[in-house]
Amino acid sequence: MTRLVANARHPVSITLNGKPVEGEAEPRMLLSDFLRHELGATGTHVGCEHGVCGACTIVVDEMLTRACLALAVQVDGCDIGTVEGLAPSPDRLGVLQSAFRRNHALQCGFCTAGILMSLDHYLSRHKAPTEDGIRDLVSGHLCRCTGYTPIIQAALEAAAELATVTEETPDA
């Protein structure tokens, strides 16, 4: 294990939403702060800073991760996905994001980024999700506005749409 100097900034190189990026962080800097303040990925929200609310949920090397519980220096060399990477282009929403919009699955929007990341990760691994499975997943997120029903409906709708896209587009 590399020993880092506590009061010095250290280089951190990651792949963020498919693009290589670099920044510097002190050993105590949280990953959420690194993403927001060093790299400008402000879609990663910070809520409780205890890993309970789920607003800071991102994907690190294909694993759901609470960015407020990880240190920036821990992810050096990792592949990181944030909510900014869900849209196929700056002017177009992804399937799940569009379903959220149609179903009014966000209100204040604070928890939305973390929920979208968890659901995107889940739906990519569960092609025919159940309502119970989605309910179980979102139980790890705190939302004070929607009551979760529109979120679950949006996730089920997105899963159905993704299933038809997958069926129509054979693997090459």
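Residues numbered from 1 in each chain as written. Predicted model: local features only at pLDDT ≥ 70, side-chain atom pairs only at ≥ 80, totals over all residues. Heavy atoms only, no water.

Draft legend 1. Representation of the overall build of the protein. Helix and strand content of the protein: five helices and five strands. Tracing the protein from N to C terminus, the helices and strands come up as β-β-α-β-β-β-α-α-α-α. Taken over C-alpha atoms, the radius of gyration comes to 17 Å for the protein, in line with the 16 Å a tight globule of 172 residues would show. Overall size of the protein, expressed as C-alpha extent along the three principal axes, is 50 × 40 × 30 Å. Buried positions account for 42% of the 172 residues belonging to the protein. Taking the contacts inside the protein whose residues are at least 6 apart along the sequence as the reference set, 54% of them involve residues at least 24 apart. As displayed, the protein offers around 9,700 Å² of accessible surface, 52% of which is attributable to carbon and sulfur atoms. (Helix = DSSP H or I, 4+ residues; strand = E, 2+ residues; numbered from the N terminus. Rg over C-alpha atoms; globule rule 2.2 N^0.38 Å. Buried < 20%, exposed > 50% of the residue type's maximum accessible area, 1.4 Å probe, protein only. Contact = heavy atoms within 4.5 Å. Areas by Shrake-Rupley, 256 points an atom, 1.4 Å probe, with all protein chains shown as cover.)

Draft legend 2. Quick look at the nonpolar core. Within the largest apolar cluster, 25 residues are counted, with the highest numbers of intra-cluster contacts made by L96, F100, I115, L119 and I151. Put simply, the parts of the chain that give this core at least two residues each are α2 (95–102), α3 (112–125), α4 (131–138) and α5 (149–168). The dominant element in this core, judged by the number of residues it contributes, is α3, at seven residues. With residues near it in sequence (within four places) discarded, F100 still touches A105, L106, T112, I115, L116, L119, I151 and A154. Core analysis: the next-biggest nonpolar cluster, separate from the first, contains 19 residues, L16, L31, A67 and C68 among them. (Core = buried A, V, L, I, M, F, W, Y, C linked by side-chain atoms within 4.5 Å.)

Draft legend 3. Seen up close, the environment of R125. For R125, the position within the fold is in helix α3. Within polar-contact distance, the side chain of R125 engages the side chain of S124 at 2.6 Å. (Polar contact = N/O pair within 3.5 Å; in protein donor to acceptor, adjacent residues only side chain to side chain.)

Draft legend 4. Layout of the pairing of strand β2 (residues 19–25). One ladder, built from seven bridges, connects strand β1 (residues 10–16) with β2; its direction is antiparallel. Bridge assignment links H10 to a residue of β2, and that residue is A25. Where β1 hands over to β2, the hairpin turn is made up of two residues, of which N17 adopts a positive phi near 50 degrees. (Pairing = 2+ DSSP bridges.)

By themselves, these are just geometric observations and shouldn't be taken as functional.
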